[in-house]
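Listed here are the chains, written in short residue letters.
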Amino acid sequence: MKKRVFSGIQPTGDIHIGNYLGAIRNWVLSQVELDNIFCIVDLHAITVSQDPGVLKVKIREVAGLLFAAGINTAESAVFIQSHIPAHSELTWILNCFTPMGWMRRMTQFKEKSQRHKEEVSVGLFDYPVLMAADILLYDTDVVPVGEDQKQHVELARDIAQRFNFIFGETLKVPEVTIPEVGARIMGLDDPTQKMSKSEDGPGRVIYLLDSPDDIRSKIKRATTDSRREIRFDESRPGICNLLVIYELFTGLGRTEIEARWEGKGYGDFKRELAEVVVEGLSPLQSRYRELTADSTYIDSLLAEGMRRILPIAEKTLAAVKDKVGLG
Ligand code: AMP
Ligand code: TRP
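Residues numbered from 1 in each chain as written. Chains lettered and ligands numbered in written order. Predicted model: local features only at pLDDT ≥ 70, side-chain atom pairs only at ≥ 80, totals over all residues. Heavy atoms only, no water.

### What to know about the overall build of the chain
If you tally the helices and strands in the chain, you get 13 helices and five strands. With the principal axes as the frame, the chain shows a C-alpha extent of 75 × 40 × 40 Å. Looking at the chain residue by residue over its 327 residues, the buried ones come to 46%. The long-range share in the chain, meaning contacts at least 24 apart out of those at least 6 apart in sequence, stands at 75%. As displayed, the chain offers around 16200 Å² of accessible surface, 52% of which is attributable to carbon and sulfur atoms. (Helix = DSSP H or I, 4+ residues; strand = E, 2+ residues; numbered from the N terminus. Buried < 20%, exposed > 50% of the residue type's maximum accessible area, 1.4 Å probe, protein only. Contact = heavy atoms within 4.5 Å. Areas by Shrake-Rupley, 256 points an atom, 1.4 Å probe, with all protein chains shown as cover.)

### Some thoughts on the nonpolar core
In terms of nonpolar packing, the biggest core is built from 58 residues, with Ile-17, Phe-249 and Phe-269 touching the most fellow members. Counting the residues that make up this core, at least three belong to each of domain 1 (3–178 + 295–324) and domain 2 (212–290). With near-sequence residues (within four places) excluded, Phe-249 lies in contact with Ile-17, Tyr-20, Leu-21, Val-276, Val-277, Gly-280 and Leu-281. (Core = buried A, V, L, I, M, F, W, Y, C linked by side-chain atoms within 4.5 Å. Domains from an automatic or database assignment.)

### Quick notes on the domain arrangement of the chain
Annotation of the chain at the domain level lists domain 1 (3–178 + 295–324) and domain 2 (212–290). Summarising the inter-unit geometry, the C-alpha centres of domain 1 and domain 2 are found 34 Å apart. For the pair domain 1 and domain 2, the summed buried area comes to about 850 Å², and 75% of that belongs to carbon and sulfur atoms. Contact with domain 2 buries area across many residues of domain 1, yet Ile-17, Leu-21 and Ala-68 alone supply 53% of it, more than any other trio. The interface formed by domain 1 and domain 2 contains zero salt bridges. Applying the counting rule to domain 1 against domain 2 returns two residue pairs in polar contact (both at pLDDT 80 or more). If you list the elements that add at least two residues to the side of domain 1 that touches domain 2, you get helix H1 (17–30) and helix H3 (52–69). Sort the elements by how many residues they give to the side of domain 1 that touches domain 2 and H3 lands first, with five residues. Looking at the side of domain 1 that touches domain 2, its residues break down into six nonpolar, two polar and two charged. (Buried area = accessible area lost by both parts, 1.4 Å probe. Salt bridge = Lys/Arg side-chain N within 4 Å of Asp/Glu carboxyl O. Polar contact = N/O pair within 3.5 Å; in protein donor to acceptor, adjacent residues only side chain to side chain. Nonpolar A, V, L, I, M, F, W, Y, C, P; charged D, E, K, R; others polar.)

### Regarding unusual backbone geometry
In the Ramachandran plot, Asp-139 falls in the positive-phi region, its phi being about 50° despite a non-glycine side chain. With respect to the helices and strands, the residue Asp-139 is situated in the loop between helix H7 (122–136) and strand E4 (142–144). Judged by relative accessible area, which is 31%, Asp-139 ranks as partly exposed.

### Digging into the site of ligand 2
The full set of residues close to ligand 2 is Phe-6, Gly-8, Gln-10, Val-41, His-44, Tyr-127, Met-131, Asp-134, Ile-135, Val-143, Val-145 and Gln-149. Gln-149 places a side-chain nitrogen or oxygen 2.9 Å from a nitrogen atom of ligand 2. The biggest single contributor to the shell around ligand 2 is H7, with four residues. For the shell around ligand 2, the per-class residue count stands at seven nonpolar, four polar and one charged. (Near = heavy atom within 4 Å.)

### A few points about the site of ligand 1
The environment of ligand 1 is formed by His-16, Gly-18, Asn-19, Gly-22, Ala-23, Ala-183, Arg-184, Ile-185, Lys-194, Met-195 and Lys-197. The separation between a nitrogen atom of ligand 1 and a polar main-chain atom of Ile-185 is 2.7 Å. Here ligand 1, which alone exposes 480 Å², has 67% of that area covered by the protein. Split into classes, the residues belonging to the shell around ligand 1 amount to four nonpolar, four polar and three charged.

Structural data, given as structure tokens:
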């Protein structure tokens, strides 16, 4: 039996090479040994304000990029959260068994409600329970998340344990893992900041769908330093970040890379790096164009994933309803 791994992906912002090198590439490689479920969490997205037209486009774009990167429907399921009503239904039921005191401790809500002061919704407060429902519906074994989401997965565990304590074994209690960050890609304009979806200072982020010319100009303008040696030296974050990107796209070893660039200048290195990134993204970009040429194709792949996992969600929801005395 393969371990079931559940990941939630926000359909907001644009996917960049940090996401690709730090996460998506590993998801593709792990498909053979893990039973991966990728949920595009549109219901989570609307806990803060969204432009409806943009949201709809982004949902398909994220799905398309996952498929283009090599996630395949035979091995993994990719689906849209709002397409399976069981997520909302289970959220409501779990709401009724989640103490307010637990929710008040959620640090992400405290931070986000500071940022979105004028319009904090009930949905934003309830975000962690929806996330618990996502995870618990699929008898999930493992939830890999970043440090910022760990508290939410721990809440999901607490909710499951409490439910099982009250009603008897019903929900599988998932494990949380923080994947070792193989690479943390930093902003090109400011290598002390992580490359991130929300931080779109011009020139900071290389998006997966950037044109070759955009990639070249962003890399050309990338911040380095006034030294010359091209080395993996963490005290020089600019050049080090570019070297890590080079390393991950070429698959070459560090010693080999340093030897290759010994005595050469930043200009030459940046020119070659740009071509390496352009080449590295080119198969993904052409697959993306193929996938999106027929506007219904992505939807058919999403429907395939959904068909496969819907029975799991329905079974869990039915068991929960039965236990609490609904219906
Ligand atoms: P996010 O864009 O923050 O929702 O992250 C989605 C996934 O991409 C997570 O698994 C992150 O760890 C990974 N990720 C995001 N930004 C970076 C980055 N700059 N470098 C490496 N991995 C990243
Ligand atoms: N909250 C997660 C994030 O912002 C996304 C998410 C929603 C998720 N549901 C999930 C992650 C379930 C793991 C499991 O990154």
